[in-house]
Amino acid sequence: MIKFLLKGLLRDRSRSFFPVLTVAFGVFLIVFLDAFFNGALTNMYNATAHHQTGHVKIMTQAYAAEAEQSPNELALLDLADWLARLRAEYPEIIWTPRINFGGLIDIPDQNGETRIQGPAAGLAVDLSAGSPEIGFLNLEKSLVRGRLPTKAGEILLAEDFARRLQVSPNDTVTLIGSTMHGSMAVNNFTLAGTVRFGMAAMDRGAIIVDLRDVQNALDMQDAAGVLLGFFADDAYDNQKAEILKAAFNAQYQDTADEFSPVMCTLVEDSGLGSYFAMASSAMFIIALIFVAVMALVLWNAGLIGGLRRYGEMGVRLAIGESKIHIYLSMLGEAVLIGLGGSIIGILGGVLLGYWLQYHGLDYGAMFKDSSMMVENVFRAQVTLNSCFIGFFPGVLATLIGNALAGLGIFKRQTAQLFKELEN
Amino acid sequence: MLKRIILGICALGVVLGAVTPIAEESIASPAAAAKPAPQTAAEILQRIDDNRLSDGKIAVMSMTIHGRRGDRTISAKSWQRNIQDSFTEYLAPAREKGTKMLKLGDQLWTYAPDTDRTILISGHLLRQSVMGSDLSYEDMMEDPVLANNYNAAISGEEILNGRPAWVLELTAKKDDIAYAKRQLWVDQERFIALKENLYAKSGALLKTLDVNAVMQVDGRWLAKSMLYKDALKKDGDGTSVVIESLEFNDNLPETLFSKASLRK
C-alpha cells in the first residue's frame, strides 16, 4: 500500500512537489531556529558561568544583597577553612574562589608620575599552574601578547585596554583600588601579557590578577568575594544545582548572621532563568505557529489538489472504493509527504546549524558598547531535540491539512457521480 | 561646619590639612568674646570662619571608622598652611603607615611608599572615601571659607548640648559646590558649629556631623571630638574623629608643601 501511494506521489509531481517543499521549508526553519536558540542560551550560560557566577556561587548574605557592587568589605572570611570543608563535603564540585574589584590602572612615566589612566574591572582568580580557572576563562587561547602570569606581581590586561594605555608586556602598571576596609590601595604589577576575551564588556577594561596578589593588595588575606562551584563536566544542570543549593543553605545559612554564607545557582544569580523560560516559550510558539500556518497552507493545497483530483475521486467512488478508504489513502499520502518534507527540512536545518556551530558568526560590533556578558562570536548548537522539534510539527501539519481538505470526500453523493462524470 | 572641621583637622590625610585655616586678624585677636556680638547671619558666618581658620597649624588626630564588621582606627599627623595647602602623613595602622597626602590648592596627591608612586587624585577618585571613612577626598578639596560660598540665614535658636545655639541655613552661592545646602547649629558664645547637616541640591541629606567635645586653643574654641556620618551609607555607625593635639604655627617650612617631600 505504501509503495502504491509512493508511486502515485512520485509520478504525479503536482501532488508532492509543492507540499514537500512547503513542509521542508517550515521544518528547516524550526530546526535551524532551535539550534540558534540553543547556541544562544549555551553561549550565555557558559560565558556567565565561567566569567561571573559559576554553576553555583557562595558568598556572605550581606555580599549577596549588594552583589552587583562587588562589596569586598562584606567578603567571605576564613577562606581556607571553607575551601577545605567544601572540597571534603562536595568532592564532585570544582570549588574556586574569586575577587571582583574595580579600580584604576595608572601608567607611570619615567619620573613615576601619572602618564595615563583608565578605569579597570578586575578579576582575581587562582592562576597557579594546573588551576581550572585558566580553562574556565580560556586564558591560554585568549592570549594575544606575552604570557600568562607565572609569579607574584604579574597581571594580564585586556588587549584593547593595554593598547589604549600604550603598554606592552614587561611594563609596570599601577593598580589603584580600595582595600576591603575602604582605604586606597596602590600596587605595582608587571604586565605579563594581554588577552582578548571576545566579550565587549571585558575587552574594554578587564584585568586578570592572581588571587593571592589581590588578597595582599586589597588587604583581603584569607578572604574572597565569592566562591564558585562548577560541575565536573562543566555543563550546567539546574536540577543538580538546586539540590546542592538546598542542602548547603539548610546546613550553613543563618538568617540572623549577615556574614554567614549563602549559595545561589547560576540561573538565580544571573537572571538567566527568565531568558531560558522565554526561549523555551518562543520555541513552543514558533512550532505552534508553524503547525497552524503549514496546516492552513497544506489544507489549501489539499483543496486545490482535491479539485484537481475531483474526477479521480469520483471514478474511485464509482468503482466501489469506500469513502473512508479513499480518505485514509489521502492521509497516508500526507504522512509520506510530511515524512519526506520533514527529513529534507531537518537535513537542511541541521546542515546550516552545524555550519554556524563550527564557523560561528562574529557580531561583536553590535555589542561594542554593551555590558552584557556574551561572547562576540555566536555559535549555534545542534541537538537531537532540534530534529524532533522539527519532525513532529512537519508531519502533523501535513496530516491536519490533508485531513481537513479530505473531508470533502464524504460530501460526494454516489447517485450524482455519473452525472458529474458526464460533465 | 563639616567642611570647616574637616579642613581644620586635615585629617586622615587631606581632611586634616583642610580644616582649620585661620585669618591673620583672628590670630592677633583670638578672643571672640572681645568682638561685638554679630547682628546678622552673614556676621555669624564670618565669625565662624575667623574662629576656625588659621594660617598654619600642626595637628595629630585619630579617626575611628565604625564599620559593619567592627571598628578600625587610623592616626595621622597633618601640617596645614594658609587655607589651601596641607601635608599629611599616616602614622598607623602598619599597613597605612608612611602613606602621605599633599594638597596644594585644588590638587591632591597621594604617595604610597610600597610602590614609590605619587598619584594625582582626580576625577571619580575624589569621590572615594578617605581610608574607608565617612569622609571623601572631595570634602577635603572644598573651599573652607564658608562665607565665600554660602549665603546664610538664621532660621531659629535652640539649646544644643546645654549650649545656646543659632540654627543657620546656608545656601550655596554657586552651582558647583558639593553641598548645596547646609544646616548649622552654632554656639552663640564660641562660634563653633556643634552640629551640621549637609544636603544635596535635591534636598537629600548627604552627611551629618555631631561635635562631641570641644577644646580651646590659643583662645579659639575648636572641635575636639566629632562624629561624621554619611547618610547615604546604609551600613556602619559613622566615623569618629578625635584631635589628639593641635598647635598653631605660622612658620611651617616651605619645603614641606612640595611633591618632593612626599618621597622623603
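Note that this is a predicted model, so its numbers are computed, not measured.

Caption draft 1: Main features of the overall build of chain A. What chain A contains, in helices and strands, is 16 helices and 12 strands. Residue burial in chain A is summarised as follows: out of 423 residues, 52% are buried. When contacts within chain A are restricted to residue pairs at least 6 apart in sequence, those whose partners lie at least 24 apart make up 76%.

Caption draft 2: Representation of the nonpolar core within the structure. Of all hydrophobic cores here, the largest spans 79 residues; its most connected members are Trp95(A), Ile105(A) and Leu139(A). Here this core takes six residues from strand β2 (residues 93–108) of chain A, the largest share from any one element. In this structure, this core is formed jointly by two domains, domain 1 (2–47 + 274–422) and domain 2 (56–235) of chain A, each of which donates at least three residues. Setting aside residues no more than four positions away along its own chain, Leu139(A) makes contact with Leu127(A), Ile134(A), Leu148(A), Leu156(A), Val195(A), Phe197(A) and Ile208(A). Met61(B), Val130(B), Ile243(B) and Phe248(B) belong to the second largest nonpolar core, which has 42 residues in total.

Caption draft 3: Region of the structure containing unusual backbone geometry. Residues and elements named next belong to chain B. Residue Pro93 is bonded to the preceding Ala92 through a cis peptide linkage, with omega at 5 degrees. You can see Pro93 is positioned in the loop between β3 (85–92) and β4 (100–104). Even without glycine at this site, Phe191 takes up a positive phi of about 55 degrees. Along the polypeptide, Phe191 turns up in the loop between β9 (181–187) and β10 (193–199).

Caption draft 4: Quick look at the confidence of the model for chain B. Residues and elements named next belong to chain B. Averaged over every residue, the pLDDT of chain B is 84; the share at 70 or more is 87%. Here residues 1–33 is a poorly scored stretch, pLDDT under 50, and it has 184 contacts once near neighbours within four places are set aside; other chains count. Note on the complex model: pTM 0.72, ipTM 0.74.

Caption draft 5: Looking closely at the interface of chain A and chain B. Taken together, the contact between chain A and chain B spans 34 residues of the former and 23 residues of the latter. Interface area lost by chain A to chain B is led by Ser183(A), Met184(A) and Val186(A), which between them contribute 25%. Seen at the junction of chain A and chain B, the total is four salt bridges. Put simply, chain A and chain B have 13 residue pairs in polar contact (both at pLDDT 80 or more) between them. Secondary-structure elements contributing two or more residues to the side of chain A that touches chain B are β2, β3 (114–125), β6 (172–178), β7 (184–195) and α9 (211–217) of chain A. Looking at the side of chain A that touches chain B residue by residue, the class counts come to 13 nonpolar, 15 polar and six charged.

Caption draft 6: Quick look at the pattern of salt bridges. For the structure on display, the rule yields 27 salt bridges over all chains. Its salt-bridge partner being Arg68(B), residue Glu258(A) comes within 2.8 Å of it at the nearest N-O pair. One end of the pair, Glu258(A), is in the loop between α10 (238–252) and β10 (261–265); the other, Arg68(B), is in the loop between β1 (56–67) and β2 (70–81), on a second chain. On the accessibility criterion, Glu258(A) (31% relative accessible area) is partly exposed. Residue Glu254(B) pairs with Arg81(B) through a salt bridge whose shortest N-O separation is 2.8 Å.

Caption draft 7: Spotlight on helix α4 (residues 79–89) of chain A. Residues and elements named next belong to chain A. Every buried residue of α4 is accounted for by Leu79, Trp82, Leu83 and Leu86. Viewed end-on, α4 has its buried residues packed into an arc of 100 degrees, placing them on one side of the element. Where the residues of α4 are buried, they touch β1 (56–60), β2, α9, β9 (226–231), α10 and β10.

Caption draft 8: Quick look at the pairing of strand β13 (residues 239–248) of chain B. Sheet topology places β1(B) next to β13(B); nine bridges connect them, and they run antiparallel. Bridge pairing in β13(B) places Met61(B) opposite Ile243(B).

Caption draft 9: Quick peek at the side chain of Gln183(B). Residue and element names in this part refer to chain B. Residue position: Gln183 is located in strand β9. Take Gln183: its relative accessible area is 16%, and that puts it in the buried class. Here the side chain of Gln183 touches Glu169 through a polar contact of 3.1 Å, side chain to side chain. Dropping the residues within four chain positions of it, Gln183 is found in contact with Val167, Leu168, Glu169, Lys195, Glu196, Asn197 and Tyr199.

Caption draft 10: View of the packing of α4(A) against α10(A). Residue and element names in this part refer to chain A. At a minimum axis distance of 13 Å, the contact between α4 and α10 shows a crossing angle of 130 degrees. Relative to α10, the element α4 lies oblique. Considering only the axes of α4 and α10, their crossing is right-handed. Of the residues in α10, those touching α4 at Trp82, Arg85, Leu86 and Glu89 are Phe248, Gln251 and Tyr252.

Caption draft 11: Representation of the pairing of β7(A) in the model. All names here are of chain A. Counting buried positions along β7 yields nine of 12 residues, so the element is predominantly enclosed. The sheet contact formed by strand β4 (residues 143–146) and β7 spans three bridges and is antiparallel. Each bridged residue has a counterpart across the sheet, and for Gly146 the counterpart in β7 is Gly193. Of the strand pairs in this sheet, strand β5 (residues 154–158) and β7 are connected by five bridges, and their pairing is parallel. Residue Glu154 lies in a different strand from β7, and its bridge partner there is Thr190.

Caption draft 12: Structural view of the packing of aromatic side chains. Residues and elements named next belong to chain A. Applying the stated criterion to the full structure yields 14 aromatic pairs over all chains. With a centroid separation of 6.3 Å and 10 degrees between ring planes, the pair formed by Phe28 and Phe32 is classed as stacked. Taken as a pair, Phe28 and Phe32 lie in helix α2 (residues 13–53) at a separation of four residues, close to a single helical turn. Ring geometry for Trp82 against Tyr252: centres 5.2 Å apart, planes inclined by 75 degrees, an arrangement best described as edge-to-face. In this pair, Trp82 sits in helix α4 while Tyr252 sits in helix α10, placing the two residues 170 residues apart along the sequence. Taken as a pair, Trp82 and Tyr252 share a single burial class, namely buried. Of the aromatic side chains, those joined through ring pairs into one cluster are Phe28, Phe32, Phe36 and Phe37. Directly above the aromatic system of Trp82 lies the positively charged group of Arg85, at a separation of 4.6 Å from the ring centroid.

Calculation criteria
Residues numbered from 1 in each chain as written. Chains lettered and ligands numbered in written order. Predicted model: local features only at pLDDT ≥ 70, side-chain atom pairs only at ≥ 80, totals over all residues. Heavy atoms only, no water. Helix = DSSP H or I, 4+ residues; strand = E, 2+ residues; numbered from the N terminus. Buried < 20%, exposed > 50% of the residue type's maximum accessible area, 1.4 Å probe, protein only. Contact = heavy atoms within 4.5 Å. Core = buried A, V, L, I, M, F, W, Y, C linked by side-chain atoms within 4.5 Å. Domains from an automatic or database assignment. pLDDT = per-residue confidence, 0-100. Buried area = accessible area lost by both parts, 1.4 Å probe. Salt bridge = Lys/Arg side-chain N within 4 Å of Asp/Glu carboxyl O. Polar contact = N/O pair within 3.5 Å; in protein donor to acceptor, adjacent residues only side chain to side chain. Nonpolar A, V, L, I, M, F, W, Y, C, P; charged D, E, K, R; others polar. Arc of directions from axis to C-beta. Pairing = 2+ DSSP bridges. Axes fitted to C-alpha atoms, helices over the stretch in contact; angles between N-to-C directions. Parallel < 35°, antiparallel > 145°, perpendicular 65-115°, else oblique. Left-handed = near helix turned anticlockwise from the far one by under 90°. Phe/Tyr/Trp six-rings, centres within 6.5 Å; stacked < 30°, edge-to-face > 60°. Lys NZ or Arg CZ within 6 Å of the ring centre and 35° of its normal.

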